[in-house]
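# Tertiary structure, described
Each chain, letter by letter, is given below.
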Amino acid sequence: ALASRTSFFVGLALIALGTGCFKSNISTLVGHLYSEGDRRRDAGFTIFYLGINLGATLGQVVCGLFASSPSFGYHVAFGAAGVGMVMGLATYLLGRKRYLGTLGETPVRKSKNAVLAAAANAPLTNEDVHRLVAIMALAAFNVVFWMAFEQAGSSMNFFALERTDRVVGGFKIPTEWFQSINTMVILTFGGLFSWLWLILHRRGWEPSTPAKMGVGLLLQGLGFSFMVAGARVSEGGHLASPAYLVLAYVFITWGELCVSPVGLSMVSKLAPAKFASVVMGFWFVTSALANFLAGLLAQFTEQVAAGKLFRVLGGQADFFLIFVITSGIAGVLLLLVSRPLTRLMHGRA
């Protein structure tokens, strides 16, 4: 919030450190709300994920209004984010005793709960090792998913800017609005997905964690197929209908709801108590790796579109085809190996 280059970079460093302390630990804390074998965990993490995106929506609206206002500007917007942080901290401090009890107050290995303390201090068993192997395997698929998903901020955003007919009824849709579709879909369907997992469990039809993530990858591949179609339409200087982007974001976000909250829930179920937050941190590192790879791939958009690397359909459609193929193959492969991975989880799938 201070008008200084130095304070800007110090602020970024503090945000990175704060996020490191916050993100993996809050996800682990949500996992502690459920006892071992509680099938509500995936649904609970989906509601948690819905809450995250509600906050993200409010943040984008409030800070965006301040940033774009000639009376306020970016420094006030950053200050507003800081005020939001303080409000969040106050909410946590005032509500934790009532809603969380003693969860998170004492490191698990020092817990007065003899069962938890014993589990945290015990050496790793063969089952623990198997579960860690399952996490590592699913982490590889997580990289594939987010590598494609993060095209939203680069290649898909440029497609909205350069190749999409954004004029509707005389109004030109801001490019940034397309990226908000993701959050809107999560807010609309997050509760439905949470309810779906509970209903399927009660009927004995709930898929395993690997199967849910496999379906998520397939939904993402289907979403990118709309981008392929839109890119084909937009060749030769034509503008594609915004429906292609909308449908792509809807299906990709449905895939996200099958992968992201389910993955967080999976880590909280499988990680040994003594490494719970560390393993959760590792899970987020895979997302960071995926972001890096997504950026690298986005740099080749024009080269692929020009047919300099390979040619299948021609034009930018070939670039989006990459994610149809990678997501589709990864999804089918994950469904094929879901049973062996489920066995490695030893009853916590």
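Provided above is the structure to which this section pertains.
Notes on the structure follow. (Residues numbered from 1 in each chain as written. Predicted model: local features only at pLDDT ≥ 70, side-chain atom pairs only at ≥ 80, totals over all residues. Heavy atoms only, no water.)

### Considerations on the packing of helix H1 (residues 5–32) against helix H2 (residues 41–68)
Between H1 and H2, the shortest axis-to-axis distance is 10 Å and the interhelical angle comes to 140 degrees. Taken together, the axes of H1 and H2 are oblique relative to one another. Crossing handedness for the pair H1 and H2: right-handed. Residue-level inspection shows Ile 26, Ser 27, Val 30 and Gly 31 of H1 in contact with H2, the latter providing Arg 41, Phe 45 and Phe 48. Classifying every residue of the contact of H1 with H2 gives four nonpolar, two polar and one charged. (Axes fitted to C-alpha atoms, helices over the stretch in contact; angles between N-to-C directions. Helix = DSSP H or I, 4+ residues; strand = E, 2+ residues; numbered from the N terminus. Parallel < 35°, antiparallel > 145°, perpendicular 65-115°, else oblique. Left-handed = near helix turned anticlockwise from the far one by under 90°. Contact = heavy atoms within 4.5 Å. Nonpolar A, V, L, I, M, F, W, Y, C, P; charged D, E, K, R; others polar.)

### Points about the packing of aromatic side chains
What the rule picks out here adds up to 16 aromatic pairs. Between Tyr 74 and Phe 78 the ring centres are 6.4 Å apart and the planes differ by 35 degrees, which places this aromatic pair in the tilted class. With Tyr 74 and Phe 78 both in helix H3 (residues 74–100), this residue pair falls four residues apart, about one helical turn. The class of Phe 78 is partly exposed, set by a relative accessible area of 43%. Ring pairing ties together the aromatic residues Phe 159, Phe 224, Phe 319, Phe 320 and Phe 323, which thus form one cluster. Lys 212 extends its terminal NZ or CZ atom over the ring of Trp 197, reaching a point 4.4 Å from the ring centre. (Phe/Tyr/Trp six-rings, centres within 6.5 Å; stacked < 30°, edge-to-face > 60°. Buried < 20%, exposed > 50% of the residue type's maximum accessible area, 1.4 Å probe, protein only. Lys NZ or Arg CZ within 6 Å of the ring centre and 35° of its normal.)

Take it as geometry only, folks, not as evidence of what the structure does.
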